[in-house]
Amino acid sequence: RDKPLTSDDVERILEQIAKAPFSTRLVVVHPDLLGVEYLGYRYSEYAPSDLAHLGKRVIVEAQWKQGTTLAHYLTDARSVARHKEVRIVVYRSRGVNRVGLLCPNGIPKERMGINARPWLWVVYDADRDIITTGYQISGIGNVWLPEDARWL
């Protein structure tokens, strides 16, 4: 954290994110998902984070189209790390070292929901080597970042 990152460091980080799993810790699900079944999974108060995020992005927000699988969603989140126009920001939040990735939305048209947005935003927990969220946004102004966040 004290020394500047080299371009090799950045490439190594992006490659790590491109292979990282999505968090599966139990989280509280969005209230609109309670009792809903999606692709064989019925949502209750808590769900693994990856399924909770998938349900929220497909059912609640309609950013991804119905039928999008967990594998598709993870592929789309990981793809941000390999996008030629990716922007990278590093920051600490809730005591965790995070990497935020922003790029133009390049998910396949067949998975685009009716509320698709022009940008993809993915957050990676560098301490646990997991993706913690991924969603579509209208612009970086829609994302909270601490004042000391550092764009690379």
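The structure presented is a predicted model; accordingly, all values stated were derived computationally and were not measured.

**Notes on the sheet that holds strand β9 (residues 150–151)**
Right, so step 1: Pairing in this open sheet of 5 strands is antiparallel, and the strands run β8-β7-β6-β5-β9 from one edge to the other. Each having just a single partner strand, β8 (130–137) and β9 make up the two edges of the open sheet.
Right, so step 2: Where strand β7 (residues 119–125) meets β8, 7 bridges bridge the pair, whose relative direction is antiparallel. Its bridge partner being in β8, Asp125 is matched across the sheet by Ile130.
Right, so step 3: Where helix α3 (residues 70–79) meets the sheet, it contacts β7 and β8, and its direction lies at approximately 85 degrees from that of β8.

**Let's talk about the pairing of strand β6 (residues 96–104)**
Regular strands have side chains that alternate between both faces of the sheet.
Right, so step 1: Where burial is concerned, most of β6 is hidden: 8 out of the 9 residues are buried.
Right, so step 2: Judged from the 7 bridges that link them, strand β5 (residues 87–93) and β6 form a sheet pairing that is antiparallel. Bridge pairing in β6 links Tyr91 to Arg98.
Right, so step 3: Taking the residues between adjacent antiparallel strands as the criterion, β5 and β6 are bridged by 2 residues, where Arg94 takes a positive phi near 55 degrees.
Right, so step 4: As paired strands, β6 and β7 are joined by 7 bridges and run antiparallel to one another. In the sheet register, Cys103 faces β7, and the bridge partner there is Leu120.

**Quick look at the packing of aromatic side chains**
Right, so step 1: Summed over the entire model, instances satisfying the criterion amount to 3 aromatic pairs.
Right, so step 2: Aromatic side chains Phe22 and Tyr73 sit 5.5 Å apart centroid to centroid with 45 degrees between the ring planes, which places their arrangement in the tilted category. Taken together, the positions of Phe22 in the loop between α1 (7–19) and β1 (26–28) and Tyr73 in helix α3 put the pair 51 residues apart, joining distant regions of the chain.
Right, so step 3: Residue Phe22 is classed as buried on the basis of its relative accessible area of 6%.
Right, so step 4: By relative accessible area, which is 1% here, Tyr73 ends up buried.
Right, so step 5: Between Trp64 and Tyr73 the ring centres are 5.2 Å apart and the planes differ by 85 degrees, which places this aromatic pair in the edge-to-face class.
Right, so step 6: A residue is classified by how much of its surface remains accessible, and Trp64, at 2% relative accessible area, is buried.

**Quick look at the side chain of Thr68**
Right, so step 1: Residue position: Thr68 is located in the loop between α2 (49–60) and α3.
Right, so step 2: By relative accessible area, which is 2% here, Thr68 ends up buried.
Right, so step 3: Apart from the residues within four sequence positions on either side, Thr68 is in contact with Tyr38, Leu39, Leu54, Val58, Tyr73 and Arg111.

**Details of the nonpolar core**
As a rule of thumb, nonpolar side chains are buried together in soluble globular proteins.
Right, so step 1: By size, the foremost hydrophobic cluster in this structure holds 34 residues, and its most contacted members are Leu14, Tyr43, Val80, Ile88, Val99, Leu101 and Ile131.
Right, so step 2: Looking at this core, the elements that each hand over two or more residues are α1, α2, α3, β5, β6 and β7.

**A look at the environment of Pro31**
Right, so step 1: Here Pro31 is to be found in the loop between β1 and β2 (37–38).
Right, so step 2: Residue classification places Pro31 among the exposed positions, given a relative accessible area of 59%.
Right, so step 3: With 14 residues separating them in the primary sequence, Pro31 and Glu45 have C-alpha atoms 7.9 Å apart.

**Topic: α3**
Right, so step 1: Those residues of α3 that sit buried are Tyr73, Leu74, Asp76 and Ala77. One face of α3 carries all of its buried residues, which in axial projection span an arc of 160 degrees.
Right, so step 2: Buried positions along α3 lie against α2, β7 and β8.

Each value, and the rule that gives it
Residues numbered from 1 in each chain as written. Predicted model: local features only at pLDDT ≥ 70, side-chain atom pairs only at ≥ 80, totals over all residues. Heavy atoms only, no water. Pairing = 2+ DSSP bridges. Helix = DSSP H or I, 4+ residues; strand = E, 2+ residues; numbered from the N terminus. Contact = heavy atoms within 4.5 Å. Axes fitted to C-alpha atoms, helices over the stretch in contact; angles between N-to-C directions. Buried < 20%, exposed > 50% of the residue type's maximum accessible area, 1.4 Å probe, protein only. Phe/Tyr/Trp six-rings, centres within 6.5 Å; stacked < 30°, edge-to-face > 60°. Core = buried A, V, L, I, M, F, W, Y, C linked by side-chain atoms within 4.5 Å. Arc of directions from axis to C-beta.

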